[in-house]
Amino acid sequence: MSSPRVVIIGAGIVGCALAEELTRRGWTGVTVLERGPLFAAGGSSSHAPGLVFQTNPSKTLAEMARYTVAKYAGIHAFDRVGGLEVATTEARVAELKRRHGFATSWGIEARLISGEAAVKLFPLLNPALVKSALHVPGDGLVRAVTAGEAQARLAVERGARFVPRQKVIAVDQSGGRVTGVRTEDGTRWPADVVVSCAGFWGPAVGALVGQPVPLLPMAHQYATTGPAGAGGDLPILRHQDRDLYFRGYNDGRLGIGSYSHRPIPVTLDLTETTPEPMPSMLPFTPDDFAPAFEDAKRLLPGIPERREGFNGVFSFTADGFPLLGESRQLRGFWLAEAIWVTHSAGAARAVAEWLVDGRPSLDLHEADLHRFEEPQLAPDYVAERSAQSFVEVYDIIHPLDPPAKARPLRVSPFHKRQCDLGAVFLEASGWERPQWYGANAGLPRPELPDRDEWSARFWSPIAGAEARAARESVALFDMTALKRLAVTGPGAAAYLTAMTSKDVDRAVGSVTYTLMLDQAGGIRSDLTVARLAEDRFQVGANGNLDLDHLARHAPPDVRVDDLTPGTCCIGLWGPRARELAASITDDDLSFGYFTARRAHLGGVPVTMLRVSYVGELGWELYTSADLGLRLWDVLWRAGGEFGLVAAGRSAFTSLRLEKGYRAWGVDMTTEHDPYQAGLGFAVKPGTYPGHDALRGRETPERRLSCLLIDGDQVLMGKEPVFVNGATAGYVTSAAWGYTIGRSIAYAWLPTAASTPGTPVEIDYFGRRITATVAAEPLFDPKGSRLRL
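Bear in mind that the values here come from a model prediction, so they are computed numbers and not experimental data. (Residues numbered from 1 in each chain as written. Predicted model: local features only at pLDDT ≥ 70, side-chain atom pairs only at ≥ 80, totals over all residues. Heavy atoms only, no water.)

Trainee: Explain empty space enclosed by the protein to me, using residue names and the numbers behind them.
Mentor: Tallying each qualifying case throughout the model produces five cavities of 30 Å³ or more. Roughly 110 Å³ of volume is contained in the largest cavity. Around the largest cavity sit 13 residues that line it, and Arg98, Phe102, Gly717, Glu719 and Phe765 are the ones nearest its centre. Looking at the lining of the largest cavity, the elements that each hand over two or more residues are α4 (90-105) and β39 (759-764). Here the lining of the largest cavity takes four residues from α4, the largest share from any one element. Of the residues assigned to the lining of the largest cavity, the class counts are six nonpolar, two polar and five charged. (1 Å grid on protein atoms, 1.4 Å probe; cavity = no way out; pocket = protein on both sides within 12 Å on 5 of 7 lines; lining within 4 Å. Points joined across faces, edges and corners; volume = space filled by probe spheres on them. Helix = DSSP H or I, 4+ residues; strand = E, 2+ residues; numbered from the N terminus. Nonpolar A, V, L, I, M, F, W, Y, C, P; charged D, E, K, R; others polar.)

Next comes the structure, spelled out in structure tokens:
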């Protein structure tokens, strides 16, 4: 098979890296078109200071950074000077312990050191300010232009070509597929695949085909001092308490970058009018930098007053992650945008694998172009959230901390009633979702241990009362944020069966738990598929990526629609759920577990799915958005005599972990197969993607394992787990089990360490917490409560 013709738009470090990765895999028909000169092309790569700190809360970004370091070191474009993150406050001391845990979980060599040890590594530091530091010996400096050019030369040796001063002004297409691009000088470049690696110019390229590219170009201040005795062998340095970073130069100068200034969005027309060679280097605004320089002098006394700088343009997204993937509007048109130098080679490798092999080896759900819901693509939303991402780059962010900007964006029909009950809202996919309800403060709850300050954030003991109500009476959960798809048409049953791990071509009214896998057997998603008619299925999905995947591959006789915006969902669960529902309907409610029926509750037409994510009798109740408030009110009025309470997500998470229910994207991703994740029961014979790859893998080398913590500490996720003193895995989900009265965690462990009774240790803010592998589920192991 001949190599596809690939046009890459942009010869910055990402475009160069992608060309190298593709040609290495045999795709040699690669043309890279650059609007400016080669290789200091004028984009963000051209002025990037090049600091690479590998540690990140995201496993995906950390893996990308690790690969970037290894690759660029191999082509002599990386200086492994080490990285220092210093703490000048007690809050940052604690945060560095947490970050050390991330590094350990992701396999990055790191150590916590004293302030005195940090000063020895970076003698310019003020010893009176620095309390402690995180030292990562493998961090360092990328020479971005050098790295780009070196990768380009490797690609050229294999057949690629790089063409300067070719600004793309049109993308040709035929039959919904890309056929080439046209440049400003009138040249047409034929292509089977076009990849936009245009950086902050990406939105303009996307606009050529109607593809939203939700990023915001921002100006970021960078300055260099006069000779400061710094030296190019100094570790790169972060002073996150003041939003600063530093690097040394061989001539003794010191580079200072600041995120402490106001967000400075940049319009593309401003970069168009900035003269070459650096349209991404805008004039320095000294007043914005002045406070940052004072902070720099306090940390590094004696640095020279003389400085010069610029406002460099680069890309921010609403959630801080890159934008990777193929457009659904135009097949063959791909994006690799909003990628920093730190992740450049790793992101390029992932896209190259995706193109050549059909799947990336790295889980990319956080970075997938299609992760955003439609309302999150609005320009005002992108601008406001992306600006907030800039402000929060170095902030200490709790894993439950909801974004402060552009809220509320989406609210369920129940929102007014929830506010009346004192709901505390977090956010999911743009939806306001209650975490707990203040009105439940007086309800009886189990005895609970005190929590440390970190695990007590965005938590209330009220959640214990709500969980208790769900176990003892009945609770009402707002499940509207759950993605709902309609898959309809004559071929719907055959299509869903071909796309998932179980046969869904069953009787009308059946509900099937099934998996979507990729071709290597990785878990793309888990789905609940309800057959509502011969040619109509309702699919409970995990998010917009499932909509994209199913819609992208649907045959002509199948339609895939998003039901979520026009519908709503209440989870009504608890041992008295049937009594409550029966009091407001004459319909038969005796239908069994994992079946569905249409009914009327208090006059409201609903679709009732007899499923539960909390391990109790009940249903997911679906109705149209216009009837949602009435449904809530009908249930609420009838529920008093049955002990009905409104319950939030905090209680929900505890209940699901007591039952051992997995959460896709947290407990499992495409990097895990069903046997590893404990979902082998959902794998049946068939011809669906990934089936052949799973043969012989029934006994995996690692497993998702349930842990019971020895003590009262509640974990937050991503903490490293140790077996016999050696790092063995990491925590995924964790919560206090209100029913069992124990702290629960799930973690990936080697199979040899996953036997119930095995002792393990977990690092939590520098403290070793002991735990024991437990048999699951922890609550109602026979599932009898679900089948009442």
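Trainee: Break down helix α15 (residues 544-553) for me, citing the residues and quoting the values.
Mentor: For α15, a buried count of seven out of ten residues is recorded, marking the element as mostly surrounded by other parts of the structure. Turning to α15, its buried residues number three or more, namely Asn544, Leu545, Asp546, Leu547, Asp548, His549 and Leu550. Turning to α15, the residues buried within the fold contact β25 (483-488), α14 (492-499), β26 (511-517), β27 (523-533), β28 (536-541) and β29 (559-562). (Buried < 20%, exposed > 50% of the residue type's maximum accessible area, 1.4 Å probe, protein only. Contact = heavy atoms within 4.5 Å.)

Trainee: Can you break down the nonpolar core residue by residue, with the values?
Mentor: Core analysis: the biggest nonpolar cluster contains 50 residues, and Ile8, Leu18, Leu22, Tyr72, Phe162, Val195 and Leu324 have the highest contact counts within it. Elements supplying a minimum of two residues to this core: β1 (6-9), α1 (13-24), β2 (30-33), α3 (59-74), α6 (144-157), β13 (193-196), β21 (333-337) and α10 (344-357). Considering every element that reaches this core, the biggest residue donor is α10, with eight residues. The residues touching Leu324, leaving out its near neighbours within four places in the chain, are Met64, Leu335, Ala336, Glu337, Ile339, Val351, Trp354, Leu364, Ala367, Asp368 and Leu369. By size, the runner-up hydrophobic cluster in this structure holds 34 residues, among which are Ala677, Ala682, Leu708 and Trp748. (Core = buried A, V, L, I, M, F, W, Y, C linked by side-chain atoms within 4.5 Å.)

Trainee: Summarise the packing of aromatic side chains; cite the residues concerned and give the values.
Mentor: A full pass over the atoms with the stated rule returns 26 aromatic pairs. In textbook terms, an aromatic cluster arises when at least three aromatic residues are bridged by ring pairs, as seen for Tyr222, Tyr245, Tyr259, Phe310, Phe314, Phe316, Trp340, Phe390 and Tyr394. Sitting above the plane of the Trp459 ring, Arg451 keeps its charged end 3.9 Å from the centroid. (Phe/Tyr/Trp six-rings, centres within 6.5 Å; stacked < 30°, edge-to-face > 60°. Lys NZ or Arg CZ within 6 Å of the ring centre and 35° of its normal.)

Trainee: Mind laying out unusual backbone geometry, listing which residues take part and the relevant values?
Mentor: Note the cis peptide between Leu38 and Phe39, where omega equals 0°. Summarising the element assignment, Phe39 is placed in the loop between β2 and α2 (44-47). The step from Glu776 to Pro777 runs through a cis peptide bond, and the omega angle for that step is 0°. Structurally, Pro777 is set in the segment after β40 (767-774).

Trainee: Residue-level account of the side chain of Thr567, with values.
Mentor: Within the secondary structure, Thr567 is located in strand β30 (residues 567-573). Its relative accessible area of 18% is what places Thr567 among the buried residues. Polar side-chain contacts of Thr567 include one of 2.8 Å to the backbone oxygen of Leu563. With sequence-adjacent residues up to four places away left out, Thr567 is seen in contact with Thr480, Arg484, Thr623, Ser624 and Ala625. (Polar contact = N/O pair within 3.5 Å; in protein donor to acceptor, adjacent residues only side chain to side chain.)

Trainee: Explain the packing of α1 against α6 residue by residue, including any values.
Mentor: How two helices sit against one another is set out by the angle between their axes and by the gap between those axes. Interhelical geometry of α1 versus α6 gives an angle of 30° and a closest axis separation of 8 Å. Taken together, α1 and α6 sit at an angle that is classed as roughly parallel. Crossing of α1 against α6: the hand is left-handed. Every residue of α6 that contacts α1 at Ile13, Cys16, Ala17, Ala19, Glu20 and Thr23 is listed here: Ala144, Ala147, Gly148, Gln151, Ala152, Leu154 and Ala155. When the residues that make up the contact of α1 with α6 are grouped by side-chain class, the tally is nine nonpolar, three polar and one charged. (Axes fitted to C-alpha atoms, helices over the stretch in contact; angles between N-to-C directions. Parallel < 35°, antiparallel > 145°, perpendicular 65-115°, else oblique. Left-handed = near helix turned anticlockwise from the far one by under 90°.)

Trainee: Explain the pattern of salt bridges to me, and be specific about the residues and the numbers.
Mentor: Using the criterion set out here, one finds 53 salt bridges in the structure. Notably, a salt bridge pairs Asp288 with Arg262, separated by 2.9 Å at the nearest N-O pair. Placement of Asp288 in helix α9 (residues 286-299) and of Arg262 in the loop between β17 (254-258) and α8 (268-273) is noted, with a sequence separation of 26 residues between them. A salt bridge links Lys297 to Glu294, with the shortest nitrogen-to-oxygen separation between them at 3.1 Å. Residue Lys297 and its partner Glu294 are located together in helix α9, separated by three residues, close to a single helical turn. A residue is classified by how much of its surface remains accessible, and Glu294, at 37% relative accessible area, is partly exposed. (Salt bridge = Lys/Arg side-chain N within 4 Å of Asp/Glu carboxyl O.)

Trainee: Tell me about the packing of α3 against α10, residues and numbers included.
Mentor: Running from amino to carboxyl end, α3 crosses α10 at an angle of 105°, the nearest separation of the two axes being 6 Å. Relative to α10, the element α3 lies roughly perpendicular. Residues Met64, Tyr67, Thr68, Lys71 and Tyr72 of α3 pack against Ser344, Ala345, Gly346, Ala347 and Arg349 of α10. A breakdown of the residues in the contact of α3 with α10 according to their chemical character gives five nonpolar, three polar and two charged.

Keep in mind these values describe shape, not function.
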